[in-house]
Amino acid sequence: MFNSTVSKTLKVSLLTAVMLGVSATAHADNTLITDVAKNIEQNISSQMQEMINSAQTELSLSIQSQMSELMFDMDAEQELANKQKATEQNEQALVTTAITKD
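To keep things clear, this report deals only with the structure shown in the data block.

Reading the values: rules and limits
- Residues numbered from 1 in each chain as written.
- Predicted model: local features only at pLDDT ≥ 70, side-chain atom pairs only at ≥ 80, totals over all residues.
- Heavy atoms only, no water.
- Helix = DSSP H or I, 4+ residues; strand = E, 2+ residues; numbered from the N terminus.
- Buried < 20%, exposed > 50% of the residue type's maximum accessible area, 1.4 Å probe, protein only.
- Areas by Shrake-Rupley, 256 points an atom, 1.4 Å probe, with all protein chains shown as cover.
- Patch = residues over 30% accessible without salt bridge, like charges linked within 9 Å, V, L, I, M, F, W, Y side chains within 5 Å.
- Salt bridge = Lys/Arg side-chain N within 4 Å of Asp/Glu carboxyl O.

## Some remarks on the overall build of the protein chain
Looking only at helices and strands, the protein chain features 1 helix and 0 strands. The buried share of the protein chain, reckoned over its 102 residues, is 0%. Per element, the accessible surface of the protein chain, about 9600 Å² overall, is 63% carbon and sulfur.

If you want it as structure tokens, here you go:
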């Protein structure tokens with residue numbers, strides 16, 4: 001009787017210890033998975049932030065470059081128009097001064 005009670009108690013204690021060990025291992029694995037997932041999420045988040053910053057910088061530089069080209073083209077067109085206007089005025093002045101009265 002005493003031996004069977006000790007044996008049952010020992011078996012229950014051993015089973016409880018095994019269950020606690022399995023539970024602790026599962027909890028440790030769950031913690032490890034949670035930590036890995038959290039680190040991956042943080043890395044992805046920081047990389048996405050870097051990509052967004054890079055994209056914003058590139059977009060800003062692209063817009064500045066396009067605006068500079070547009071302003072240069074407009075300035076060149078205005079300069080050409082001014083030269084053409086000056087040439088036309090000179091031609092008109094030459095024609096009017098070339099006519100002499102008799």
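## Notes on a nonpolar patch on the surface
Taken together, the side chains of L32, V36, I40, I44 and M48 define a hydrophobic patch exposed on the protein surface, amounting to about 460 Å² of accessible area. Of note, V36 is situated in helix α1 (residues 2-98).

## Quick word on the pattern of salt bridges
Opposite charge on two side chains permits pairing when their charged atoms draw close. Using the criterion set out here, one finds 1 salt bridge in the structure. Salt-bridge contacts for E79 lead to K83; the nearest nitrogen and oxygen are separated by 3.7 Å. Taken together, the residues E79 and K83, both in helix α1 and 4 residues apart, mark about one turn of the helix. Since its relative accessible area comes to 43%, E79 is described here as partly exposed.

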